[in-house]
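Now for the letters of each chain:
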Amino acid sequence: MKLNRGSKVVLIILIVLILDQFLKIWVKLNMEYGSEFAILGLDWAKIHFVENNGMAFGMSIGGNFGKLILSVFRIIAVTGLGYYLFVLVKGKESMKLLGSFALILAGAMGNIIDSVLYGVIFSSSSYHGGYASLFPEG
């Protein structure tokens, strides 16, 4: 079975999004804040557990209203990027370019999922040790 270009792009987005969320959930439930481990034993490739409650470089817009503004901006940006990727697929651009945009779109979609769900389905990760829990009481 040979996939067309659009199907390949969707498959890339889905695989990256699933892997991204699986890894984030695993880290949240199995690592203490600030801990790290080497990927495949490589010293230069590590997963280090930190959280960013805001946007790039830890900047944030205050309170619930700020979170709402940031979430709306993210949704608009993902919608625009998705539309642009659709146009690129129709324009028969190279798979390298389409794959690059698919990776960016998957990451942006993952960030939306994080901002919407992670404050609700996980307890806070303590800076002083301990693991987060899934679906905490309250």
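Residues numbered from 1 in each chain as written. Predicted model: local features only at pLDDT ≥ 70, side-chain atom pairs only at ≥ 80, totals over all residues. Heavy atoms only, no water.

A. Highlighting the overall build of the protein chain. Helix and strand counts for the protein chain stand at 3 helices and 2 strands. Listing the helices and strands of the protein chain from first to last along the sequence gives α-β-β-α-α. Expressed as a percentage of the 138 residues in the protein chain, the buried residues total 25%. Here the analysis covers contacts within the protein chain between residues at least 6 apart in sequence; of these, 54% occur between residues at least 24 apart. (Helix = DSSP H or I, 4+ residues; strand = E, 2+ residues; numbered from the N terminus. Buried < 20%, exposed > 50% of the residue type's maximum accessible area, 1.4 Å probe, protein only. Contact = heavy atoms within 4.5 Å.)

B. Broad picture of a nonpolar patch on the surface. A contiguous nonpolar surface patch, about 880 Å² in accessible area, is contributed by Phe22, Leu23, Trp26, Phe37, Ile39, Leu40, Leu42 and Trp44. It is helix H1 (residues 5-30) that provides the largest number of residues to the nonpolar patch, a total of 3 residues. Within the fold, Phe22 resides in helix H1. For Phe22, a relative accessible area of 58% gives the class exposed. (Patch = residues over 30% accessible without salt bridge, like charges linked within 9 Å, V, L, I, M, F, W, Y side chains within 5 Å. Areas by Shrake-Rupley, 256 points an atom, 1.4 Å probe, with all protein chains shown as cover. Salt bridge = Lys/Arg side-chain N within 4 Å of Asp/Glu carboxyl O.)

C. Just the side chain of Asp114, in detail. Locating Asp114 in the fold gives a position in helix H3 (residues 95-121). One polar contact links Asp114 to Lys24, side chain to side chain, over a distance of 2.5 Å. (Polar contact = N/O pair within 3.5 Å; in protein donor to acceptor, adjacent residues only side chain to side chain.)

D. Structural context of the packing of aromatic side chains. This model, assessed by the stated rule, comprises 3 aromatic pairs. For the pair Tyr84 and Phe101, a centre-to-centre distance of 5.5 Å together with 75° between the ring planes defines the contact as edge-to-face. Remark: Phe101 occurs in helix H3 and Tyr84 occurs in helix H2 (residues 63-90); sequence separation between them is 17 residues. The partly exposed category is assigned to Tyr84, whose relative accessible area is 42%. (Phe/Tyr/Trp six-rings, centres within 6.5 Å; stacked < 30°, edge-to-face > 60°.)

E. Representation of the environment of His48 within the structure. Along the polypeptide, His48 turns up in strand S2 (residues 46-48). Looking at His48, the relative accessible area reads 40%, which means it is partly exposed. In this structure the C-alpha to C-alpha distance between His48 and Gly34, which are 14 residues apart in sequence, comes to 6.4 Å. Not counting chain neighbours up to four residues away, the residues in contact with His48 comprise Gly34, Ser35 and Glu36. At 2.8 Å, the side chain of His48 forms a polar contact with the side chain of Glu36.

F. Region of interest: the nonpolar core. Counting 12 residues, the largest nonpolar core is built from Val9, Ile13, Val78, Leu81, Leu85, Leu88, Val89, Leu98, Ala102, Leu105, Ala106 and Ile112. When contributions to this core are tallied by element, the ones reaching two or more residues are H1, H2 and H3. The contact partners of Ala102, leaving out residues within four places of it in the chain, are Val9, Ile12, Ile13 and Leu85. (Core = buried A, V, L, I, M, F, W, Y, C linked by side-chain atoms within 4.5 Å.)

G. Quick look at the pattern of salt bridges. If you walk through the whole model with that rule in mind, you get 4 salt bridges. In this structure, the salt-bridge partner of Lys24 is Asp114, at a minimum N-O distance of 2.5 Å. Placement of the pair is Lys24 in helix H1 and Asp114 in helix H3, with a sequence separation of 90 residues. On the basis of relative accessible area, Lys24 is assigned to the partly exposed category, the value being 23%. Salt bridges linked by common partners bring Asp20, Lys24 and Asp114 together as one network.

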